[in-house]
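A closer look at the structure
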Amino acid sequence: MSLASVLPLEAASPAYICPFDQACSYLEAAAKELRLDRGIIEILSHPRKVVTVSVPVKLDSGEIQVVAGHRVQHSDVLGPYKGGIRYHPAVTLREVSALAMLMTWKCALLGIPYGGAKGGIAIDPKRYSVGELERISRRYISELIKDIGPSVDIPAPDMGTSAREMAWMMDTYSVNVGHAVPGVVTGKPLSVGGSRGREMATGRGAMIIVREALADQGKSLAGVRVAIQGFGNVGSAAAELLYEAGAKIIAVSNSAGGVFSQDGLDIPKLKAYAAENRKSIVGYPQAVAISNADLLTLPCDVLIPAALENQITEENANQVQAQIVAEAANGPVTLEASLSLEARGVTVLPDILANAGGVVVSYLEWVQGLSYLFWDEERVNREMEHLMVQAYHQVIQQSKKRQVSLRLAAYTLGVGRVAQALTDRGLYP
Ligand SMILES: NC(=O)c1ccc[n+]([C@@H]2O[C@H](COP(=O)([O-])OP(=O)(O)OC[C@H]3O[C@@H](n4cnc5c(N)ncnc54)[C@H](O)[C@@H]3O)[C@@H](O)[C@H]2O)c1
Ligand SMILES: N[C@@H](CCC(=O)O)C(=O)O
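The name given to the protein chain in an unreviewed UniProt entry is Glutamate dehydrogenase, with the source organism recorded as Nostoc linckia z8.

Let's shift gears to the packing of aromatic side chains. The description of two aromatic rings rests on the distance between their centres and on the angle between their planes. Applying the stated criterion across every chain yields a total of five aromatic pairs. Geometrically, the ring pair formed by Tyr273 and Tyr284 is edge-to-face, given 5.5 Å between the ring centres and 70° between the ring planes. Taken together, the residues Tyr273 in helix α8 (residues 267–276) and Tyr284 in the loop between α8 and β9 (288–290) connect sequence positions 11 residues apart. You can call Tyr284 buried: its relative accessible area is 5%.

In this section: the site of ligand 1. Lining the immediate environment of ligand 1, one finds 22 residues, of which Asp158, Gly160, Asn233, Ala307 and Asn330 sit closest. A distance of 3.2 Å separates an oxygen atom of ligand 1 from a polar backbone atom of Gly232. If ligand 1 stood free it would expose 830 Å²; the protein chains cover 86% of that surface. Looking at the shell around ligand 1 residue by residue, the class counts come to eight nonpolar, 11 polar and three charged.

Leu242 and Leu349 are the most contacted members of the largest nonpolar core, which has 92 residues in total. Excluding its chain neighbours within four sequence positions, the residues that come into contact with Leu242 are Met207, Leu221, Val226, Ile228, Ala247, Ile249 and Ile304. Within the second largest apolar cluster, 25 residues are counted, among which are Tyr128, Leu133, Tyr140 and Ile141.

Moving on to the site of ligand 2. In the neighbourhood of ligand 2, 14 residues make up the surrounding shell, with Lys82, Lys106, Lys118, Asp158 and Ser362 lying closest. One of the backbone N or O atoms of Pro157 is found 3.0 Å from a nitrogen atom in ligand 2. Side-chain polar atom of Asp158 to a nitrogen atom of ligand 2: 2.8 Å apart, as the coordinates give it. Relative to its free-state accessible area of 300 Å², ligand 2 is covered by the protein chains to the extent of 96%. Elements supplying a minimum of two residues to the shell around ligand 2: β3 (81–87), α3 (93–110), β5 (153–157) and α12 (357–371). Along the lines of polarity and charge, the residues of the shell around ligand 2 split into four nonpolar, five polar and five charged.

Thresholds applied
Residues numbered from 1 in each chain as written. Chains lettered and ligands numbered in written order. Predicted model: local features only at pLDDT ≥ 70, side-chain atom pairs only at ≥ 80, totals over all residues. Heavy atoms only, no water. Phe/Tyr/Trp six-rings, centres within 6.5 Å; stacked < 30°, edge-to-face > 60°. Helix = DSSP H or I, 4+ residues; strand = E, 2+ residues; numbered from the N terminus. Buried < 20%, exposed > 50% of the residue type's maximum accessible area, 1.4 Å probe, protein only. Near = heavy atom within 4 Å. Polar contact = N/O pair within 3.5 Å; in protein donor to acceptor, adjacent residues only side chain to side chain. Areas by Shrake-Rupley, 256 points an atom, 1.4 Å probe, with all protein chains shown as cover. Nonpolar A, V, L, I, M, F, W, Y, C, P; charged D, E, K, R; others polar. Core = buried A, V, L, I, M, F, W, Y, C linked by side-chain atoms within 4.5 Å. Contact = heavy atoms within 4.5 Å.

Here is the structure:
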């Protein structure tokens, strides 16, 4: 039975690239390289549990709306399910299933004791009031109460969600079970047991991986020209940290468009502008306007897609001028585009490595919570950096040993570890 028979089909447009099919292709490629048994591939290409719940919400107008909320638990072979919750209008069950699978390989690659999961609600959070978002978040978590827990499945932020939603979810779960359970989510505010360093963690991890890749090419971050698509949690943190390290951030964008400066943007000023303009960077005076599409093909050294999937495709891959593409988003470069970039000698730093800083600090938050100890930011950053640099070098070594791309190297490590654990646990009869 293929998953296609379980998951509903989606958009019929010829340009549609199914994220779940893409994720399965990566799994197949890694499994082929590892010569995995077909039975193991069958197990790993199916999520263990797919939950879709109806989330009724009373809007401020008094009208009742019902939205669909998903949680896909891909694998718990290495530990509790782990992964973010996305609020975005393009969320579908196939997308959430793909992102859940990516979480499994990401946690395995980083050597943290988790499986993989993802959640999502197909809403545009910008169209809802804070009160409406709170009601949606609480009801969604109430509907999932039997499926999550600190040793079962631990959600975290993803696109469209942040520490605020995590606090509502932690509170709702705690009220339902009758006592405070901070460990049920990560990415929480510090006031309810969050970790220092979590907010900047994904951007910091991406910065570390880019720094290591540049070092392997005999370069440093100083003066390197960087373009970043997405100026949310991940993109803005990466921009800030790269800027502090001396890189020249020549362009950034968000869903409304982008800004470009040949001499480099002043990122603290741009962040202040975005904060004053409801997160919009459009109209920032010390730069010229640029479209999202143009940002991807600018002459630069490093391109960091930090927004949605499928941004670099067969259509535009040959126009990308960067020498390094760091996937801070999940799945921003399609399989075909990746092959085309690699054939031109572009270094593609795969998502399950480049954006793993977030889940690594989620893990550190969970560990601190379970041990009732709280570390300073310097320690959190140091522990995260250690795991990121270690994973980077393992991927490089694997790539050299097997003569494969960095993506296939990362996937063979992640998939291989899960397959080994699956076999050792005797789950594969
Ligand atoms: N938050 C995390 O801890 C984390 C960790 C690992 C990976 N990721 C991944 O990073 C990506 C971004 O997540 P985030 O947490 O920064 O989300 P976010 O909601 O904080 O920010 C998303 C940004 O992308 C922009 N955007 C949306 N659509 C766009 C488009 N079509 N073109 C250009 N920009 C667009 C938004 O305007 C916003 O600036 C996602 O792929 C997510 O899965 C997030
Ligand atoms: N949503 C993030 C973070 C997950 C987490 O911290 O659990 C990711 O894709 O990696």
